[in-house]
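Coordinates in review
Read off the chains here:
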Amino acid sequence: MPETTGASTRAVHAGERRPGPEGSLVYPIYQSTVFTPRPGDAYDDLRYLRLSTAPSQVYLHDKLAALEESPAAVATASGMAAITTTLHALLSTGDHLLAATGLYGGTHAFLTAHAARLGWTVSFVDPTRPDTWEAARTPRTRVFLLESVSNPLVRVARLPEAVSFARAHGITTVVDNTFASPVNLRPRTLGVDVVVHSATKYLNGHSDLVAGAVMGDEELVTRIRQTLNHYGGTLDAHAGFLLARGVKTLAVRVRAQNANALALARFLHDHPRVAEVHYPGLPDHPDHEVASRLMSGYGGMLSFRPTGGAAVAAAVVERTRLAYSAPSLGGVETLITRPVVTSHASMDPAERARLGITDDLIRVSCGIEDTEDLVADLEQALASADA
Ligand SMILES: *Cc1c(COP(=O)(O)O)cnc(C)c1O
């Protein structure tokens, strides 16, 4: 593949073998647990599925790396496996982790349940307030964990500031880029060390598998892959095949999702029965300027509060006919959910309130349906919910 290509070309062609095995256009699944060792193979180089070294796994890694304009990548069994394995590779007992407030619920739950047991200390800082970070840093701070775009208020982290802060203190930056997708934002190009994904979401895009990915330079990814070899959270070859297939349409899907989200956000913004809309593509979003600077699209995620409270919000979710009522995100079908009863149900209500996740908040993951149909669906849901 030529060096300079756009996101659409990368999604289709990056990592492809030309020609593929036996002249195949589509890279096959190698359904073999183990391969005959090559002379001099170290343990981590043996071709064995758990070690993520089988040919179709290596092919997928090349594809994933190119998406984030990164030298190396490794696929994992889930987004959580990507995050926990990365943290295990980078942190030792006694180390301190700086983490963004409002992290994905699973990540937050992992830290709450396991950090202290592992001897890690954690401080949470506002990813949009660089002036508050230094006060939370300790001499043992090793990692700064952020999400480029947060759930469900779609806040955009100050990544360039995070990179310079971390570099000044020898801290490794780890950015969960799931919500933005590499079509809209590529943290590695801003100097971020490690990018992680729940590939379950936009990268695969079809709501039919669970997978994760880690992207970074060769040295760090090798360390993370070796940690993955020990913990065993490898991605299965069949899921990897489906993921590589999904990735090929990533850019065209995400651009349609960006357009749908922007149109829905504008529609909701002007709707008399909507009190508040959160979407970084709207000029009144607190991160509109930052998003415009860092991102090439504002993403497919938005949230809003209808007037009339939680009961009306519940009715809106129930009355959409096109949008499925479900958590998760990033698939071709539009999903609608109330974070208070799904993604943030287990969060302490006081913490939820502090983050601005109110009981009447509705989150939408835009799919690739026709914009007018999605607008009409929400219009009828809002009209009947308030009746
Ligand atoms: C879904 C999600 C995860 C976890 O991914 P799984 O594939 O479900 O393990 C992590 N981070 C973010 C931002 C997510 O949306």
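Whatever comes next refers back to the structure up there.
Residue positions within a chain follow its written sequence, with the count starting from 1. Whole-chain, interface and lining totals are the exception, using all residues; otherwise, since this is a predicted model, local features are given only for residues with pLDDT of at least 70 and side-chain atom pairs are given and counted only at 80 or more. Side-chain metrics in this entry use all non-hydrogen atoms of the structure; hydrogen atoms and water are not considered.

**Here we look at helix 4 (residues 105–118)**
- With 14 residues, helix 4 should reach 20 Å at 1.5 Å per residue; the first-to-last C-alpha distance of 19 Å fits that figure.
- Given a residue, its bend is the angle between the two axes fitted to the seven residues that end at it and to the seven that start from it. By definition, any uninterrupted DSSP run of H or I lasting at least four residues is a helix, any uninterrupted run of E lasting at least two residues is a strand, and each is numbered from the N terminus. At Thr112, helix 4 is deflected by roughly 35°, the largest bend along its length.
- Looking at helix 4, one finds that the buried residues are Thr107, Phe110, Leu111 and Ala115.
- In the core, the buried residues of helix 4 are packed alongside helix 3 (79–90), strand 2 (96–100), strand 3 (121–125) and strand 4 (141–147).
- Where helix 4 ends, the next residue or the one after it, Gly119, has phi of about 80°, a positive value. What a helix is expected to span follows from its residue count: subtract one and scale by 1.5 Å. Between buried and exposed lies partly exposed: a residue is buried under 20% and exposed over 50% of the maximum accessible area for its type, with that area taken using a 1.4 Å probe on protein chains only. The criterion used for residue contact is that any of the two residues' heavy atoms lie within 4.5 Å.

**What about the sheet that holds strand 3?**
- Whether two strands pair comes down to DSSP finding at least two bridges between them. The sheet built from seven strands is open, its strands ordered 1-7-6-5-4-2-3 with mixed pairing. On the outer flanks of this sheet lie strand 1 (72–76) and strand 3, each paired with one strand and no other. With strand direction ignored, the average angle separating the axes of adjacent strands in the sheet is 20°.
- Sheet analysis places strand 5 (residues 172–176) next to strand 6 (residues 194–198), joined by three bridges and oriented parallel. If you follow Val175 over to strand 6, its bridge partner there is Val195. For helices, the fitted axis covers only the stretch in contact; all axes are lines through C-alpha atoms, and the angles between them, taken along N-to-C directions, range from 0 to 180 degrees.

**Here's the deal with the site of the ligand**
- Near, as used in this document, describes a residue that has one of its heavy atoms within 4 Å of the molecule or strand being considered. Every one of the 14 residues lining the ligand counts as a neighbour, but Met80, Asp176, Ser198, Thr200 and Lys201 are closest to it.
- Within 3.5 Å is the distance limit for a polar contact, defined as a pair of N or O atoms, with the added protein rule that one can donate a hydrogen and the other accept it, and that residues adjacent in sequence qualify only through two side-chain atoms. One of the backbone nitrogen or oxygen atoms of Gly79 is found 2.9 Å away from an oxygen atom of the ligand.
- In the environment of the ligand, an oxygen atom lies 2.8 Å from a nitrogen or oxygen atom belonging to the backbone of Met80.
- For the accessible areas, the method is Shrake-Rupley and the probe is 1.4 Å, while residue cover comes only from the protein chains on display. Protein contact buries 92% of the 380 Å² of open area that the ligand shows by itself.
- For the shell around the ligand, the element with the most residues is helix 3, which contributes three residues.

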